[in-house]
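Secondary and tertiary structure notes
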Amino acid sequence: MDKLIHGTAADGTVRVLAAITTDTTAEAIRRHGTSPTASAALGRLMTGALLLGSTLKNDDRLTTRIECAGPIGGVTAEANAAGEVRGFVKEPLAEVPLKPNGKFDVSGIVGEGMLHVIREAGVKIGMKHEPYVGSVPITSGEIAEDLAYYLAKSEQIPSAVLLGVLLNNREPFVAASGGVLVQMMPGANDHIITMIEDTIIHAPHITEAIREGAGTEDLVKLALGVIDYEILYEKPVSFKCSCSNERALKTIASLGRDEIKSIIEHDGGATMHCGYCNESFVVSGDDLRQMLVQL
Ligand code: ZN
């Protein structure tokens with residue numbers, strides 16, 4: 001089961017989060033049928049959204065959105081406080097050649113563009129708050145570096161972000177997926193920061209570690225080295241979408257009587273598609289006529 005842990009180190013001046021998202025990324029790939037490089041981009045951004053969203057409160061949600069000129073066209077991932085994440089890419093079948101070193105060319109499939117991070121409060125209970133939106137240009141395209149740049153630039157939190165997706169040739173196609181986020185809070189001293197930077201530079205790649213059986217706490221150790229830490233909590237994470245048949249019906253009902261009559265007349269029924277999870281909901285002509293009676 002995928003999970004995320006949240007810890008602190010150096011008297012609370014360092015915040016550390018680690019997530020294993022192997023099943024979560026596999027589910028996203030299964031739903032969207034993404035090409036290998038698009039799968040890597042989607043898995044990385046979904047893991048990043050979970051890490052950035054880990055401090056969300058009950059009804060908050062965080063969306064990371066890449067709008068870009070590369071073949072993938074765009075990547076979106078949304079996470080909530082419960083550890084649920086959903087995401088999609090604009091062009092699932094887009095693909096680019098591997099880099100000379102054999103790695104996925106995520107920056108090549110992303111290209112130039114913008115990264116937007118949207119924090120919304122009180123979503124489920126229907127409270128209306130202005131969402132907080134931070135945007136930065138894509139500087140790397142490898143996603144982890146872009147999220148680190150966003151955190152430093154837009155939220156003024158110096159951060160190290162490690163994200164990785166390792167694929168294999170057989171279903172469910174994901175051998176390992178996960179990430180680590182280390183944040184320097186106010187008061188973090190330069191010595192500690194240098195130690196962590198040095199540890200991360202020399203650390204083995206996280207997907208190799210996960211494939212060999214590393215858990216979330218092993219990922220924390222991989223980033224912090226000899227520095228002591230304390231785990232505050234852990235929670236399960238998974239791919240989960242908020243769409244449902246009931247929501248599809250509500251959306252159609254909100255169109256109003258005239259529009260519903262027109263759908264019955266011209267199309268017989270309606271199919272609602274959820275882009276986040278690639279699920280379709282068929283609403284029959286009888287459902288629509290029933291709806292008209294109730295409206
Ligand atoms: Zn959905």
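Before any of the text, the structure's been laid out above.
Residues numbered from 1 in each chain as written. Predicted model: local features only at pLDDT ≥ 70, side-chain atom pairs only at ≥ 80, totals over all residues. Heavy atoms only, no water.

1. Considering the sheet that holds strand S5 (residues 84–89)
Note the following rule: By this definition, two strands are paired if DSSP reports at least two bridges between them. The helix count covers DSSP runs of H or I at least four residues long, the strand count covers runs of E at least two residues long, and both are numbered beginning at the N terminus. Throughout, a residue-residue contact means that at least one pair of heavy atoms, one from each residue, lies within 4.5 Å. Helix axes use the C-alpha atoms of the stretch in contact, all axes being lines fitted to C-alpha atoms, and the angles between their N-to-C directions lie in the range 0 to 180 degrees.
Pairing is mixed across the open sheet formed by six strands, whose spatial order is S7-S6-S3-S4-S5-S11. Strand pairing shows two members of the sheet lacking a second neighbour, strand S7 (132–137) and strand S11 (238–239), which therefore form its edges. Pairing geometry for strand S4 (residues 74–80) and S5, over five bridges, is antiparallel. By the bridge assignment for S5, Glu78 is matched with Arg86. Each of strand S3 (61–68), S4, S5, strand S6 (113–120) and S11 touches helix H2 (residues 36–52); the most contacted strand, S4, lies at about 30 degrees to it. Contacting S3, S6 and S7, helix H4 (residues 144–154) runs over the sheet at an angle of about 120 degrees to S7.

2. Re the sheet that holds strand S10 (residues 229–236)
Backbone-to-backbone hydrogen bonds pair the strands of a sheet. The strands run either parallel or antiparallel. Ordered in space as S8-S9-S2-S1-S10, the five strands form an open sheet in which the pairing is antiparallel. Strands with a single pairing partner mark the edges of an open sheet, and in this sheet they are strand S8 (159–167) and S10. Each neighbouring strand pair of the sheet contributes to a mean axis angle of 10 degrees, computed without reference to strand direction. As paired elements, strand S2 (residues 14–20) and strand S9 (residues 174–184) share seven bridges and run antiparallel to each other. Among the inter-strand pairings, Arg15 is bridged to a residue of S9, identified as Gln183. Together, strand S1 (3–9), S2, S8 and S9 form the strand contacts of H2, whose direction differs from that of S8 by roughly 140 degrees. Sitting on the sheet, H4 touches S8 and S9, and the angle it makes with S8 is about 160 degrees.

3. Points about the pattern of salt bridges
Quick note on the threshold: We count a salt bridge whenever a side-chain nitrogen from Lys or Arg sits within 4 Å of a carboxyl oxygen from Asp or Glu. Relative accessibility under 20% of the residue-type maximum defines a buried residue, over 50% an exposed one, and the middle range a partly exposed one, all with a 1.4 Å probe and only protein chains included.
Tallied over the full model, the rule gives 12 salt bridges. Across the salt bridge formed by Glu142 and Arg44, the nearest N and O atoms sit 2.9 Å from each other. Placement of Glu142 in the loop between S7 and H4 and of Arg44 in helix H2 is noted, with a sequence separation of 98 residues between them. Across the pair, exposure class does not vary: Glu142 and Arg44 are buried alike.

4. Examining the coordination of the zinc ion
As a reminder, the rule being used: The donor definition counts N, O and S atoms within 2.8 Å of each metal and applies 3.2 Å to Na, K and Ca; water is not among these atoms, so some sites may look incomplete. Tetrahedral means four donors with every angle between 85 and 135 degrees, whereas square planar (four donors) and octahedral (six donors) require angles over 155 degrees between opposite donors and between 65 and 115 for all others; sites fitting neither are termed irregular.
The zinc ion binds to the protein through Cys241 (SG), Cys243 (SG), Cys274 (SG) and Cys277 (SG); the donor distances cover 2.2 to 2.3 Å. Considering all four donor atoms around the zinc ion, the spread of angles at the metal, 99 to 114 degrees, places the coordination shape in the tetrahedral class.

5. Some remarks on the pairing of S4
Most of S4 sits out of view: seven of its seven residues are buried. Where S3 and S4 come together, seven bridges link them in antiparallel fashion. Pairing of Arg61 across the sheet is with Asn80, part of S4. In textbook terms, the turn of a hairpin is the stretch between consecutive antiparallel strands, and for S3 and S4 this stretch comprises five residues, one of which, Gly73, has a positive phi near 80 degrees.

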